[in-house]
Amino acid sequence: MTQKTRRVAVVTGASRGAGKGIALALGEAGAKVYVTGRTTTEGEAPLPGTVFATAEEITARGGIGVPVVLDHTDDTQVKALFERIAAEDGAIDILVNNAYAVPAELTLTGAFWEKSLDLLQVFNVGLRSSYVASYYAAPLLIAGGGLVVNTSSFGGTCYMHGPAYGAGKAAVDKMASDMAVDFKPHGVAVISLWMGMLKTERTLAELAKSPEQYGDLEATVESPEFPGRVIDALHRDPQLMQRSGQVLIAAEVAAELGVQDVNGAQPVSHRPMLGNPPVFSDAVIG
């Protein structure tokens, strides 16, 4: 094992989208970032981005990007990743559970029974994958006194994209709260982070389809790097453990900790429109 001289982060599902943005922000802050994803070559996925391109850009920004081609439906591959990190680094400072299956029908209108059961993919890569990654990362997080972040959204409490999406987001929120109980004696914080609408490759493609429908919406969305900047600030916050177990809104944490988006903007919270994060009971039943 080499001497760990910088923070070590793992961001799952980082070929593109929020995962890529979070990984880039952490890399720009100097971290060594392991990025997982399945896309290895441009053009093999409907949207641009590869796990190798993300890692290269992290390194170009001053961090160390480590690409890991990994299918989060395969537990043995996930286990192998964390065995590798144990051998190379010995500890993890930040784990971001972001890998998420996006079925083609997810954002289509209509009742859930009018869509296929493919929507249940979100329980496998999204909910289950977050549990499995946290499971294998736990000893390394304890060694690093780390932070676990489940990326989530307001869909955890409001109707958004139907019951499969909502149930999945509500579940990772509760999972963060419960994992925080187990990790507390070891000084590891766990939070679920509600992100706003991000200017990802997927979002930009949707906006391009009907620019007249969305108007100036593109100008108001957050960059994919914004939640990564928030995660970096949270990890550095001396009061981090006091937040553990909570569902936090990225825009609100940013305002509190002085974090701005890449363009210098201060994104606003969508709480007034979409509702409050859940507050879980303090009761603990073993």
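Residues numbered from 1 in each chain as written. Predicted model: local features only at pLDDT ≥ 70, side-chain atom pairs only at ≥ 80, totals over all residues. Heavy atoms only, no water.

- Per an unreviewed UniProt entry, the protein carries the name Short-chain dehydrogenase and comes from Glutamicibacter soli.
- Under the UniProt heading Sequence similarities (unreviewed entry), the note attached to the protein is "Belongs to the short-chain dehydrogenases/reductases (SDR) family." (UniProt positions renumbered as here; feature names shortened; annotations may be inferred.)

Details of the packing of helix α4 (residues 121–144) against helix α5 (residues 163–183)
- It is the contact of α4 with α5, at a shortest axis distance of 9 Å, that shows an interaxial angle of 15°. Considered as vectors, α4 and α5 are oriented roughly parallel to each other. You can see that α4 and α5 cross each other, and the crossing is right-handed. Across from Val122, Phe123, Gly126, Leu127, Ser130, Tyr131, Ser134, Ala138, Leu141 and Ile142 in α4, the residues of α5 making contact are Ala164, Ala167, Gly168, Ala171, Val172, Met175, Met179 and Phe183.
- Residues belonging to the contact of α4 with α5 are distributed by class as follows: 14 nonpolar, 4 polar and no charged. (Axes fitted to C-alpha atoms, helices over the stretch in contact; angles between N-to-C directions. Helix = DSSP H or I, 4+ residues; strand = E, 2+ residues; numbered from the N terminus. Parallel < 35°, antiparallel > 145°, perpendicular 65-115°, else oblique. Left-handed = near helix turned anticlockwise from the far one by under 90°. Contact = heavy atoms within 4.5 Å. Nonpolar A, V, L, I, M, F, W, Y, C, P; charged D, E, K, R; others polar.)

Some points on the sheet that holds strand β3 (residues 64–69)
- Pairing in this open sheet of 7 strands is parallel, and the strands run β3-β2-β1-β4-β5-β6-β7 from one edge to the other. Only two strands of the sheet have a single partner each, and these edge strands are β3 and β7 (247–249). Ignoring which end each strand starts from, the neighbouring axes of this sheet average 20° apart.
- Here strand β1 (residues 8–11) runs beside strand β4 (residues 94–97); their pairing, made up of 3 bridges, is parallel. Directly across from Val11, in β4, lies its bridge partner Val96. (Pairing = 2+ DSSP bridges.)

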